[in-house]
Amino acid sequence: GLSNYEEFTLGLNPMVPSLANPISFSPDGSSLNFTLPAATGTGYTGVTRTYILQSSSDLINWTPEIQGTANGSTVNFPINPGSTRKFYRCSVTVQ
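Throughout what follows, the structure given in this document is the object of discussion.

## Considerations on the environment of Glu 7
Part 1: Looking at the element boundaries, Glu 7 is found in helix 1 (residues 4–10).
Part 2: Expressed as a C-alpha distance, the spacing of Glu 7 and Pro 17, which sit 10 residues apart in the sequence, is 9.9 Å.
Part 3: Apart from residues no more than four positions distant in its own chain, Glu 7 is found in contact with Leu 2, Leu 12, Asn 13, Pro 14, Val 16 and Tyr 44.

In structure tokens:
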């Protein structure tokens, strides 16, 4: 499972067991879409949740692609279907 801090970072309640993942990815072949909830509710006063989407062709070296503030809106990242294979990961932090 996730640590309490990881659950807080992702907007989950550390006091409630959950298998839910608040980050959802929806690849459609030409874009990568993901949604991150805004930092709201108990314990999030004055807190901002930010993300960085990174890509890698070898799972060793990672390149930042886009970054922003999580606000509950869907982020659409275009993918070139003819390019080489890439892996993606999303890093989330609270500030």
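Next comes the rest of the description.
## Description of the packing of aromatic side chains
Part 1: Applying the stated criterion across every chain, the model contains two aromatic pairs.
Part 2: Residues Phe 34 and Tyr 51 carry aromatic rings whose centres are separated by 5.3 Å and whose planes lie at 85° to one another, so their mutual orientation is edge-to-face. Within this pair, whereas Phe 34 is found in strand 2 (residues 31–35), its partner Tyr 51 is found in strand 3 (residues 49–56), the two being separated by 17 residues in sequence. For the residue pair Phe 34 and Tyr 51, the accessibility class agrees, reading buried in each case.

## Here we look at the nonpolar core
Part 1: Leu 10, Leu 32, Phe 34, Leu 36, Tyr 51, Leu 53, Ala 70, Val 75, Phe 77, Cys 90 and Val 92 form the largest nonpolar core, which has 11 residues in total.
Part 2: Counting residues per element, the ones that place at least two in this core are strand 2, strand 3, strand 5 (74–78) and strand 6 (87–94).

## Here's the deal with the sheet that holds strand 6
Part 1: A sheet is described by the order of its strands in space; here three strands give the open sequence 4-3-6, paired in antiparallel fashion. Across the chains shown, the open sheet's two edge strands, defined by having one partner strand only, are strand 4 (63–69) and strand 6. Geometrically, the sheet is characterised by an average inter-axis angle of 20° between neighbouring strands, direction not taken into account.
Part 2: Two elements, strand 3 and strand 4, share six bridges in a ladder whose sense is antiparallel. Paired with Gln 54 across the two strands is Pro 64, which belongs to strand 4.

## Some thoughts on the pattern of salt bridges
Part 1: Scanning the entire structure with this criterion turns up one salt bridge.
Part 2: Glu 65 is the partner of Lys 86 in a salt bridge, and the nearest nitrogen-oxygen pair spans 3.6 Å. Residue Lys 86 is located in the loop between strand 5 and strand 6, and its partner Glu 65 is located in strand 4; the two are separated by 21 residues in the primary sequence.
Part 3: By relative accessible area, which is 39% here, Lys 86 ends up partly exposed.
Part 4: With a relative accessible area of 28%, Glu 65 lands in the partly exposed category.

About the thresholds
Residue numbers restart at each chain and count upward from 1, following the sequence in its written direction. Thresholds applied to this predicted model are a pLDDT of at least 70 for local features of residues and 80 or more for the giving and counting of side-chain atom pairs; totals over whole chains, interfaces and linings are not thresholded and use all residues. Hydrogen atoms and water are omitted, and side-chain values are computed over all heavy atoms in the structure. Under the DSSP-based scheme used, a helix requires at least four consecutive residues in state H or I and a strand at least two consecutive residues in state E, with every element numbered from the N terminus. Residue contacts are counted whenever heavy atoms from the two residues lie within 4.5 Å of one another. Classification of ring pairs rests on two measures: the distance between centres of Phe, Tyr or Trp rings, Trp counted by its six-membered ring, which must be within 6.5 Å, and the angle between planes, read as stacked under 30 degrees, edge-to-face over 60 and tilted in between. Throughout, exposure labels follow a simple rule: accessible area from a 1.4 Å probe, protein chains only, divided by the maximum for the residue type, with under 20% read as buried, over 50% as exposed, and the rest as partly exposed. Nonpolar cores are built from buried Ala, Val, Leu, Ile, Met, Phe, Trp, Tyr and Cys residues. Side-chain atoms within 4.5 Å join them into one set. A pair of strands is labelled paired if DSSP reports no fewer than 2 bridges between them. Simply put, an axis is a line fit to the C-alpha atoms, just over the touching stretch for a helix, and the angle between two N-to-C directions goes from 0 to 180 degrees. By definition here, a salt bridge exists when the distance from a side-chain nitrogen of Lys or Arg to a carboxyl oxygen of Asp or Glu is within 4 Å.

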